Amino acid sequence: MRDMLSELEARREKAREGGGTKRIEAQHAKGKLTARERLTVFLDEGSFEEFDMFVQHRATDFGMDQQHYPGDGVVTGWGTVNGRTVFVFAKDFTVLGGSLSEAHAEKVQKVQDLALRNRAPIIGFYDAGGARIQEGVAALGGYAEIFQRNVLASGVIPQISVIMGPCAGGDVYSPAMTDFIFMVRDTSYMFVTGPDVVKTVTNETVTAEELGGASIHTVKSSIADGAYDNDVDALLQMRRLIDFLPASNTSPVPELDYSQSVTAEDVSLDTLIPDNANKPYDIKELIRKTVDEGDFFEIQAAFAGNIVTGFGRIEGRTVGIVANQPMVLAGVLDSDASRKAARFVRFCDCFSIPVVTFVDVPGFLPGTAQEYGGLIKHGAKLLFAYAEATVPKVTVITRKAFGGAYDVMASKHLRGDINYAWPTAQIAVMGAKGASEIIHRKDAKDPEKLAAHTKAYEERFLSPFVAAERGYVDEVIMPHSTRRRVSRALAMLRNKDLENPWKKHDNIPL
Ligand code: HXC
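Residues numbered from 1 in each chain as written. Predicted model: local features only at pLDDT ≥ 70, side-chain atom pairs only at ≥ 80, totals over all residues.

Going by what an unreviewed UniProt entry lists, the chain is known as Propionyl-CoA carboxylase beta chain and is assigned to Aurantimonas manganoxydans. Entered under Sequence similarities (unreviewed entry) in the UniProt record, the comment concerning the chain runs "Belongs to the AccD/PCCB family." (UniProt positions renumbered as here; feature names shortened; annotations may be inferred.)

(A) Structural detail: unusual backbone geometry. Of note in this structure, aspartate 52 is not a glycine but carries a positive phi near 55°. Mapped onto the elements, aspartate 52 comes out in the loop between β1 (49-51) and β2 (74-81). For aspartate 52, a count of 22 C-beta atoms within 10 Å translates into the label buried. (Helix = DSSP H or I, 4+ residues; strand = E, 2+ residues; numbered from the N terminus. Buried ≥ 20, exposed ≤ 12 C-beta atoms within 10 Å, placed from the backbone.)

(B) Region of interest: the site of the ligand. With respect to spatial proximity, 16 residues lie near the ligand, and among them Gly97, Gly129, Gly130, Gly169 and Gly170 are the closest. Within the residue set of the shell around the ligand, elements represented by two or more residues are α5 (137-153) and β5 (159-168). A per-class count over the shell around the ligand returns eight nonpolar, seven polar and one charged. (Near = placed C-beta within 6 Å. Nonpolar A, V, L, I, M, F, W, Y, C, P; charged D, E, K, R; others polar.)

(C) Inspection of the nonpolar core at higher detail. Core analysis: the largest hydrophobic core is formed by 123 residues, its most contacted members being Val162, Phe182, Met238, Val345, Ala401 and Ala405. A total of seven residues in this core trace back to one element, the largest contributor, which is helix α12 (residues 335-350). (Core = buried A, V, L, I, M, F, W, Y, C linked by C-beta atoms within 7 Å.)

(D) Representation of the domain arrangement of the chain within the structure. When the domains of the chain are assigned, the result is domain 1 (2-244), domain 2 (267-425 + 463-495) and domain 3 (432-462). The centre of domain 1, based on its C-alpha atoms, is set 60 Å off from the matching centre of domain 3. (Domains from an automatic or database assignment.)

(E) The packing of helix α3 (residues 35-42) against helix α10 (residues 231-244), seen in detail. α10 packs onto α3 with a crossing angle of 40° between their chain directions and a minimal axis gap of 9 Å. Considering their axes alone, α3 and α10 lie oblique with respect to each other. Once α3 is placed against α10, the crossing between them reads as right-handed. Along its contact with α3, which presents Arg38, Val41 and Phe42, the element α10 presents Asp231, Val232, Leu235, Met238 and Arg239. Classifying every residue of the contact of α3 with α10 by side-chain character gives five nonpolar, no polar and three charged. (Axes fitted to C-alpha atoms, helices over the stretch in contact; angles between N-to-C directions. Parallel < 35°, antiparallel > 145°, perpendicular 65-115°, else oblique. Left-handed = near helix turned anticlockwise from the far one by under 90°. Contact = placed C-beta atoms within 7 Å.)

(F) A look at helix α7 (residues 195-202). Among the eight residues that make up α7, zero are buried, leaving the element largely open to the surroundings. Phi for asparagine 203, located one or two positions after α7, is positive at around 65°.

(G) Representation of the environment of tyrosine 457. Structurally, tyrosine 457 can be placed in helix α17 (residues 447-461). Judged by the 21 C-beta atoms lying within 10 Å of it, tyrosine 457 falls in the buried class. For the pair tyrosine 457 and alanine 432, spaced 25 residues apart in the sequence, the C-alpha separation amounts to 5.7 Å.

Take a look at the structure:
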């Protein structure tokens with residue numbers, strides 16, 4: 001018996017070595033942790049239960065019969081994050097570059113199946129060179145099996161991808177179908193084809209960072225939802241994110257302790273809106289002053305800053321926040337902002353996370369660049385997302401709610417449950433000057449008359465009361481009471497029961 005136990009321990013030890021000491025050292029020299037070290041940081045201490053530690057590939061071509069590593073380049077299993085179950089897989093770059101063989105793919109599929117069957121989130125940590133070139137179609141088939149599972153799990157359990165090294169070829173499409181992608185700055189990159197292929201096909205010369213580094217995917221392409229300075233920071237932030245998420249679409253949002261009273265008034269909010277309607281202010285101040293302890297996990301902070309999205313908690317329960325940001329492009333809705341917020345609202349709706357919307361929007365961004373880029377279709381995504389969402393929707397208009405953007409931003413007409421406005425709200429088809437120039441075109445060249453028309457328009461429409469007279473705004477609230485009013489509304493909506501008509505699925509404009 002003792003011999004058997006030592007053999008098991010020896011086999012385990014061999015598997016834990018991955019690609020060997022030299023390759024582990026090379027991994028550390030690049031500032032990266034190994035797959036196992038990453039899981040140790042991410043999961044609660046001692047909670048990791050590993051599967052398939054001894055799985056090996058079955059390939060024989062190109063000398064592969066001489067290259068066997070127990071585990072075959074991916075570490076899989078489950079564990080807990082602050083006591084809640086999560087399934088994990090971490091690509092081991094020290095073993096054949098973390099490349100995906102048929103057997104490696106089967107290990108990933110097994111944890112995907114377990115996560116779905118047991119209704120718990122799954123997180124993949126990527127550091128890999130794509131399909132194992134020596135295996136050919138067996139590796140391609142393995143990827144497609146993973147993709148299929150990603151799609152079936154979408155909207156049922158949260159799926160998160162963290163890119164912590166190379167992520168190329170087949171490895172990019174599984175993350176692309178998960179709910180969130182995060183990257184590590186300077187050490188990770190993602191692309192379908194790398195710089196060498198790009199050079200051959202298009203004659204462009206680019207570095208890996210320029211083609212698919214965190215600086216590109218968090219700012220330009222919006223493929224990634226956030227980036228962190230190093231592995232440890234990224235892993236700790238993923239623990240924080242997991243705390244916000246329900247285990248599945250049938251589980252309630254987690255309920256955490258909170259220390260900040262919801263009844264305390266924050267009088268500083270009474271002066272948040274500047275006297276001049278064209279002056280910006282930071283909507284994140286309102287977000288931080290509304291959520292518990294100011295704890296806000298922002299999604300896509302570096303992309304389309306004119307809209308802010310992220311998770312917070314109110315009375316210990318997760319909420320999704322969507323807010324126009326007057327500090328960036330005056331908070332206008334453009335294609336990027338619409339796509340960003342639409343995806344976020346749909347994530348919240350999948351997982352029964354209430355959506356709180358703060359509105360200060362001058363309208364949709366005019367111009368050929370936007371129209372040629374498909375603003376109609378992209379704007380429609382956000383409209384569609386809000387309109388189909390059945391989760392509790394609480395909206396607060398702080399200042400401008402102009403034109404179509406008024407409709408889109410969780411208005412009463414899109415089944416907003418509780419719609420508040422601050423006394424500073426201006427709800428109208430457009431700003432007073434623009435409106436007067438159109439409806440009083442004949443006076444357009446007479447500044448005095450135009451000013452009088454503008455003032456009359458302002459007095460009639462640029463307040464919350466025209467909308468409140470019609471019940472489009474349920475209540476005009478004091479800014480200092482926002483946290484209390486929003487939390488009361490959410491408490492009232494806890495048992496909200498609303499279903500859309502049966503359909504196979506909708507046909508959101510893509
Ligand atoms: C087999 C691979 C591999 C792969 C890397 N390795 N990628 N082995 N299949 N795909 C091996 C290397 O041979 C090397 O082995 C070790 O991993 C480390 O790789 P290096 O190249 O030394 O590391 P580095 O310089 O850091 O470069 C990493 C890399 C590069 C950028 C990822 O290895 C690379 O370009 N790999 C190939 C990427 C690729 O084209 N993949 C196939 C995509 S096609 P030794 O023994 O020398 O240490 C695809 C199709 C699926 O994925 C499509 C589905 C939709």
